[in-house]
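# Inside the fold
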Amino acid sequence: MRVAIIGTGYVGLTTGVCLAFIGHSVYCLDTDESKVKALSAGKIPIYEPYLEELLEEARPNLHFTSSYEEAIPDAEVVFIAVGTPPTPSGAPNLEYLSQAARSIGQHMNCKFTVVVNKSTVPIGSGNWVGSLLRDAYEQRSTDRKLESAVASNPEFLREGSALHDSLYPDRIVIGADEPRALEVLYSLYRPILDQTFTAPTYLPRPESVGGVPLLSTDLASAELIKYAANAFLALKISFINEIGMLAGRVGANISEVGRGIGLDSRIGPRFLNAGIGWGGSCFGKDTAALLATAAEYGLHMPIVEAARVVNKRQRDRVVEKLLAELKILKGRTIGLLGLAFKPNTDDLREAPAVEIAQKLIDRGVRVKAHDPIARHRFQADHPNMGVQICERATDVAEGCDALVLITEWNEYRDLEWEEIGKRMRQPLILDGRLALDGEKLERAGFRYVEIS
Ligand code: UGA
């Protein structure tokens with residue numbers, strides 16, 4: 001099928017590459033011409049495992065352009081995957097979405113096209129996009145009726161495992177009020193739903209994946225599913241962090257508590273890792289947007305609100321624990337292991353490291369840091385923050401009063417701890433992700449403290 005994707009951010013690019021890989025002819029459009037140029041030359045602006053390899057394989061079916069005229073008129077399906085960044089009120093900024101919808105409407109021809117909201121958009125956006133499309137189309141041509149339908153197809157991919165989540169999803173949700181739109185999207189996703197494509201060698205199909213369930217709903221339900229899923233995951237993490245606070249007081253082990261409750265199949269083991277809490281561009285933005293939508297309807301959502309409060313508190317726990325251990329922070333040197341908001345990405349949006357580094361700097365601490373991938377981006381994004389970036393994890397330790405594990409990159413699990421300890425002023429480590437082997441660290445002479 002012929003597909004157009006508006007926006008080549010995380011979601012748009014991953015979706016485009018995956019759809020091209022399974023055989024569709026995909027036009028990825030971005031208004032940023034330098035980005036289009038770079039992508040056409042195979043240069044990917046984000047760090048995402050295997051994206052470069054899959055793009056190379058999908059290249060014969062992929063086209064990068066900044067021209068709506070080229071991408072839209074022949075497309076059977078148009079995905080809108082533009083950014084919806086938060087505004088100060090928590091409600092998302094819909095400027096890019098409306099620009100995209102208008103431009104699509106101006107270039108659509110009269111044959112049936114499905115326009116799909118892939119961006120996380122407020123409930124009701126489907127109808128709004130539909131009216132923008134119609135207005136833009138009618139301004140241009142009034143003699144032929146617009147044949148289009150709007151659908152919502154939220155994505156559930158995680159950064160760092162975006163391709164795996166797109167090729168082997170837990171489910172595909174399609175919200176459409178018109179049956180024709182569902183039929184088109186069903187055909188589009190069929191190779192994924194039936195898992196009939198040949199899996200790339202570097203992204204093998206997990207044995208447990210057979211067919212993928214398709215959930216077809218009305219527009220508003222699909223839009224709400226996206227917000228509710230992210231809010232639920234966020235509150236699962238905040239819940240274990242709240243229990244972690246109590247565990248610390250009563251002398252319980254939060255990792256074992258998490259395992260113990262997660263083995264209940266009604267609860268499930270995932271997203272119960274305690275620590276400094278969630279970051280990234282999604283949970284914060286989507287929980288804020290959910291609260292903003294609820295407020296529009298005069299509703300209060302205390303559970304979602306509490307998830308945000310607890311998450312904020314986890315960041316303060318780092319400072320509290322360091323104060324408890326070191327008594328005085330002014331004049332100390334503290335090393336951060338990890339800057340990205342999670343491993344396998346270079347994304348620093350709402351990364352706990354940024355907030356924690358600032359809190360420490362505000363208290364007169366000298367901050368050093370390392371990240372296997374995100375350190376260069378950090379330097380570019382925060383040149384004046386005063387964090388000393390080190391090329392190697394071991395260099396961070398030099399002269400430090402404490403290390404804090406912020407991002408659980410695999411390479412941090414097996415560092416030369418004895419060597420690292422010798423370089424520090426005192427061998428103290430705070431494990432912000434409960435990811436290190438505490439006993440091993442203690443054998444290497446460290447005082448090991450968990451943040452929960
Ligand atoms: C999240 C959702 O998991 C995706 O399903 C969704 O599609 C995406 O948002 C989105 O809306 O675009 P993402 O933000 O990429 O994905 O990453 P997650 O793996 O969910 O991690 C989010 C944060 O939670 C990270 O900072 C991670 O370290 C933290 N986390 C995760 C915990 O603190 N504990 C856990 O047990 C799991």
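Provided above is the structure to which this section pertains.
Each value, and the rule that gives it
- The residue numbers shown here count from 1 along each chain, following its written sequence.
- pLDDT decides what is reported in this predicted model: residues at 70 or higher carry local features, side-chain atom pairs at 80 or more are listed and counted, and totals for whole chains, interfaces and linings draw on all residues regardless.
- Just so you know, side-chain values use all the structure's heavy atoms and leave hydrogens and water out.
- Strand pairing is assigned whenever DSSP identifies at least 2 bridges connecting the two strands.
- Secondary structure elements follow DSSP: runs of H or I of four or more residues count as helices, runs of E of two or more count as strands, with numbering from the N terminus.
- Helix axes are fitted only over the stretch in contact, all axes being lines through C-alpha atoms; the angle between N-to-C directions runs from 0 to 180 degrees.
- Here a polar contact is recorded for every N or O atom pair within 3.5 Å, except that within protein the pair must consist of a potential hydrogen donor and a potential acceptor, and residues adjacent in sequence are included only if both atoms are side-chain atoms.
- Between two residues, a contact is recorded if the distance between any of their heavy atoms is within 4.5 Å.
- Should an angle fall under 35 degrees it is called roughly parallel, over 145 degrees roughly antiparallel, and 65 to 115 degrees roughly perpendicular, with every other angle called oblique.
- In this scheme the crossing of two helices becomes right-handed for a clockwise turn of the near helix relative to the far one and left-handed for an anticlockwise turn of less than a right angle.
- Polar here means any residue outside two lists: the nonpolar Ala, Val, Leu, Ile, Met, Phe, Trp, Tyr, Cys and Pro, and the charged Asp, Glu, Lys and Arg; Gly therefore counts as polar.
- Near is defined per residue: the residue qualifies when any heavy atom it owns lies within 4 Å of the molecule or strand.
- Throughout, the Shrake-Rupley method with a 1.4 Å probe supplies accessible areas, and for residues the shown protein chains are the sole cover considered.
- Any two of the Phe, Tyr and Trp rings considered here, Trp counted by its six-membered ring, make a pair once their centres fall within 6.5 Å; the pair's planes then place it as stacked at under 30 degrees, edge-to-face at over 60, or tilted in between.
- Relative accessibility decides the category of a residue: with a 1.4 Å probe and only protein chains considered, values under 20% of the type maximum give buried, values over 50% give exposed, and everything between is partly exposed.
- Distance and angle both matter: a charge sits over a ring if NZ of Lys or CZ of Arg is within 6 Å of the ring centre and within 35 degrees of the ring normal.
- Note on handedness: a clockwise path from strand one over the helix to strand two, with the strands aimed away from the viewer, defines a right-handed crossover.
- In this description, a nonpolar core means a group of buried Ala, Val, Leu, Ile, Met, Phe, Trp, Tyr and Cys residues linked to one another through side-chain atoms lying within 4.5 Å.
- When a carboxyl oxygen of Asp or Glu is within 4 Å of a side-chain nitrogen of Lys or Arg, the pair counts as a salt bridge.

## Section: the sheet that holds strand E5 (residues 113–117)
An order of E3-E2-E1-E4-E5-E6-E7-E8 is seen for the 8 strands of this open sheet, with the pairing classed as mixed. The two strands at the open ends of the sheet, each matched to only one other strand, are strand E3 (62–65) and strand E8 (214–217). Neighbouring strand axes in the sheet, compared pairwise and without regard to direction, differ in orientation by 25 degrees on average. Relative to E8, strand E7 (residues 172–176) runs parallel, the two sharing 4 bridges. Bridge pairing links isoleucine 172 to leucine 214 in E8.

## Side note on the side chain of asparagine 230
Locating asparagine 230 in the fold gives a position in helix H9 (residues 219–250). Of note is the side chain of asparagine 230, whose polar atom sits 2.7 Å from the side chain of aspartate 286. Once you skip the residues sitting within four places of it in the chain, asparagine 230 turns out to touch Cys282, Phe283 and Asp286.

## Notes on the packing of H9 against helix H12 (residues 302–326)
Interaxial distance between H9 and H12 falls to 8 Å at its minimum, and their mutual angle equals 50 degrees. By the angle class used here, H9 and H12 are oblique. You can see that H9 and H12 cross each other, and the crossing is left-handed. Where H9 abuts H12, its residues Ala231, Ala234, Leu235, Ser238, Asn241, Glu242 and Met245 lie against Ile303, Val304, Ala307, Val310, Asn311, Arg313, Gln314 and Arg317. Split into classes, the residues belonging to the contact of H9 with H12 amount to 8 nonpolar, 4 polar and 3 charged.

## With respect to the site of the ligand
Within the structure, the ligand sits among 21 residues, and Leu157, Glu159, Lys226, Asn230 and Lys342 are positioned closest to it. One of the backbone nitrogen or oxygen atoms of phenylalanine 341 is found 2.9 Å away from an oxygen atom of the ligand. Within the side chain of lysine 342, a nitrogen or oxygen atom sits 2.8 Å from an oxygen atom of the ligand. The fraction of the free accessible surface of the ligand (710 Å²) that becomes covered by protein chains is 92%. Counting residues per element, the ones that place at least two in the shell around the ligand are H9 and helix H11 (283–296). Here the shell around the ligand takes 4 residues from H9, the largest share from any one element.

## What to know about the packing of aromatic side chains
All told, the structure shown has 6 aromatic pairs when counted by the stated rule. Centre to centre, the rings of phenylalanine 21 and phenylalanine 197 are 6.2 Å apart; their planes meet at 80 degrees, and the pair counts as edge-to-face. Of this pair, phenylalanine 21 sits in helix H1 (residues 10–21) while phenylalanine 197 sits in the loop between helix H8 (179–193) and E8, and the two are 176 residues apart along the sequence. Side by side, phenylalanine 21 and phenylalanine 197 carry an identical accessibility label, which is buried. Between tyrosine 50 and tyrosine 202, the aromatic rings sit 5.3 Å apart at their centres with planes inclined by 25 degrees, giving stacked as the arrangement. On the criterion of sequence distance, the pair formed by tyrosine 50 in the loop between helix H2 (33–40) and helix H3 (51–58) and tyrosine 202 in the loop between H8 and E8 is long-range, its members being 152 residues apart. Grouping aromatic residues by their ring pairs yields a cluster made of Phe21, Tyr168 and Phe197. Its end group placed over the ring of tyrosine 27, arginine 2 keeps NZ or CZ at 3.8 Å from the ring centre. Residue placement shows arginine 171 over the ring face of phenylalanine 156; its charged tip is 3.6 Å from the ring centre.

## Some details on the pairing of strand E13 (residues 428–431)
Side chains Leu428 and Leu430 of E13 all project onto a buried face; the interleaved residues Ile429 and Asp431 project onto the opposite face, where all are buried too. Of the pairings in the sheet, the one linking strand E12 (residues 402–405) to E13 comprises 3 bridges and is parallel in character. Of the residues in E13, the one forming a bridge with valine 404 is leucine 430. Running through helix H17 (residues 438–443), the crossover from E13 to the neighbouring parallel element strand E14 (residues 447–450) is right-handed.

## Some thoughts on the nonpolar core
The biggest cluster of nonpolar side chains holds 54 residues, and the ones touching the most others in it are Leu322, Ile334, Leu336, Leu360, Leu403, Val404 and Trp417. A per-element tally of this core places helix H13 (residues 352–362) first, with 5 residues. When residues no more than four places from it in sequence are discounted, the contact partners of valine 404 are Val318, Leu322, Ile334, Gly335, Leu336, Leu337, Leu430 and Ile451. Within the second largest apolar cluster, 50 residues are counted, among which are Ala149, Ala151, Leu167 and Ala176.

## Structural notes on the pattern of salt bridges
Using the criterion set out here, one finds 26 salt bridges in the structure. The closest approach of N and O atoms between aspartate 30 and lysine 35, which form a salt bridge, is 3.8 Å. On the basis of relative accessible area, aspartate 30 is assigned to the buried category, the value being 10%. One salt bridge connects arginine 433 with glutamate 408, and the closest N-O pair in it is separated by 3.6 Å. On the criterion of sequence distance, the pair formed by arginine 433 in the loop between E13 and H17 and glutamate 408 in the loop between E12 and helix H16 (417–423) is long-range, its members being 25 residues apart. For arginine 433, a relative accessible area of 16% translates into the label buried. Classification of glutamate 408 by relative accessible area gives partly exposed; the value is 23%. Three or more residues are tied together by salt bridges with common partners; here these are Arg392, Asp395, Glu398, Glu419 and Arg423.

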